[in-house]
Amino acid sequence: MRLISEELSFWRDLLSMLEAQYGSNCEIVLHDLTKDYNHTIIDIRNGHITGRKIGDCGNNLGLEVLSGNTKNGNRYNYVTRTDTGKILRSSTQFLRDDDGKIIGSLCINMDITESLAFEKFLHNYNGTGDPAVEVREFFTTDVKSLLECLIQEAQLPIDKTPEHMDRADKLKFLGYLDSKGAFLITKSSERVCEYLGISRYTLYNYLDLLRSKQEQD
């Protein structure tokens, strides 16, 4: 297989089977990662769970893999949360062509909000159970919103506004964005420069410094 589109009827049949098996509380998403990242979703079932539709963008986990910073991005049975408060039990499988290049992904997001609330009640009642480990995953409909989510996430550990960041803070901020593949997003450099109040020349110098250090390590 070279392209997802070559086997699209197979993938649609597979999504139909999964949809019938797991019902309306399970979102199944097929991404074509050879397309513009702003429009990777080529099939989606029960998109009401994350508010996405065909033609919407990929998420932050896909960016990490495409950036080359994550060698094996497959993740199974992890817990994440939407911006509306839904709790999802998710799995992501990246799809490769005959040469091993990533060309797509298949994602399953089961809405367990209600069942988890009931489980919490039982844990409290029985006095057992550990909290679930969550993975940060951003479900957005366009890459501009995805970039803003990554920017806000990068600022959290620094806990300073851009005008109060020193050089070390900005390097830490940019290092996070680069590790998450943020600079694969079109025009991300302009937005990050605007946010930090730096020139593109300074941005590229900082990125070169970070990447050189990473290679040395």
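In this report, we go over the structure that sits alongside the text. Computed from a predicted model, the values in this text were never measured in an experiment. Starting afresh in each chain, residues are numbered from 1 along the sequence in its written order. Local features in this predicted model are restricted to residues whose pLDDT is 70 or higher, and side-chain atom pairs enter the listing and the counts only when it is 80 or higher, whereas totals over whole chains, interfaces and linings include all residues. Computation of side-chain values covers all heavy atoms of the structure but excludes hydrogens and water.

**A look at the pattern of salt bridges**
Put simply, the rule reads: Each salt bridge in this description consists of a side-chain nitrogen of Lys or Arg and a carboxyl oxygen of Asp or Glu lying within 4 Å of one another. Each helix is a run of H or I in the DSSP string that is no shorter than four residues. Each strand is a run of E no shorter than two, and both are numbered from the N terminus. The classification of residues rests on relative accessible area computed with a 1.4 Å probe and restricted to protein chains. Under 20% of the type maximum is buried, over 50% is exposed, and intermediate values are partly exposed.
Within the structure shown, the criterion is met by eleven salt bridges. Among the ionic pairs, K160 bridges to D169, the shortest N-O distance being 2.8 Å. R191 is paired through a salt bridge with E194; the nearest N and O atoms lie 3.3 Å apart. With R191 and E194 both in helix α6 (residues 188-196) and three residues apart, this pair spans about one turn of that helix. We classify R191 as partly exposed; its relative accessible area is 23%. When salt bridges with common partners are traced through the structure, they connect E19, D43 and R45 into a single cluster.

**Comments concerning the side chain of E137**
Under the convention used in this document: Within this scheme the basic residues Lys and Arg register as positive and the acidic residues Asp and Glu register as negative, but His and the chain ends are omitted. For the purposes of these results, a polar contact is taken to be a pair of N or O atoms within 3.5 Å, where, inside protein, one atom must be able to donate a hydrogen and its partner to accept one; residues adjacent in sequence count only when each atom of the pair is a side-chain atom. In what follows, a contact means two residues having at least one pair of non-hydrogen atoms within 4.5 Å.
Mapped onto the elements of the fold, E137 is located in the loop between α3 (113-126) and α4 (143-155). Of the side chains with opposite charge, R52 comes closest to the buried, unpaired E137, at an N-O distance of 6.0 Å. A polar contact is formed between the side chain of E137 and the side chain of N59, at a distance of 2.6 Å. Once you skip the residues sitting within four places of it in the chain, E137 turns out to touch N59, N60, L61, Y78, T80 and R81.

**Quick word on the packing of aromatic side chains**
The description of an aromatic ring pair uses the distance of the two centres, along with the angle that the planes make with each other. Definition in use: The rule is short: rings of Phe, Tyr and Trp, with Trp giving its six-membered ring, pair when the centres are within 6.5 Å, and they are stacked under 30 degrees, edge-to-face over 60, tilted in between.
The final tally for this structure, using the stated rule, is three aromatic pairs. Seen in terms of ring centroids, F10 and W11 are 5.0 Å apart; in terms of plane orientation they differ by 70°. Their pairing is edge-to-face. Residue W11 is classed as buried on the basis of its relative accessible area of 9%.

**A look at the packing of α4 against helix α5 (residues 167-179)**
What describes two packed helices is the angle between their axes and the distance between those same axes. Rules: Structural elements are reduced to axes, namely lines fitted to C-alpha atoms, with helices fitted over the stretch in contact, and the angle between N-to-C directions of any two is expressed from 0 to 180 degrees. Angles are sorted into four bins: roughly parallel if under 35 degrees, roughly antiparallel if over 145, roughly perpendicular if 65 to 115, and oblique for all others. We call a crossing left-handed when the near helix sits turned anticlockwise from the far one by less than a right angle, and right-handed when that turn is clockwise. Think of it as three bins: nonpolar holds Ala, Val, Leu, Ile, Met, Phe, Trp, Tyr, Cys and Pro, charged holds Asp, Glu, Lys and Arg, and polar takes everything else, Gly as well.
Where α4 contacts α5, the axes come no closer than 9 Å and their chain directions differ by 135°. Between α4 and α5, the angle falls in the class oblique. Between α4 and α5 lies a crossing whose hand is right-handed. Here α4 contributes L150, I151, E153, A154 and Q155 to the contact with α5, which in turn contributes F173, Y176 and L177. The residue inventory of the contact of α4 with α5, partitioned by class, reads six nonpolar, one polar and one charged.

Purely spatial values, then, with no claim about function.
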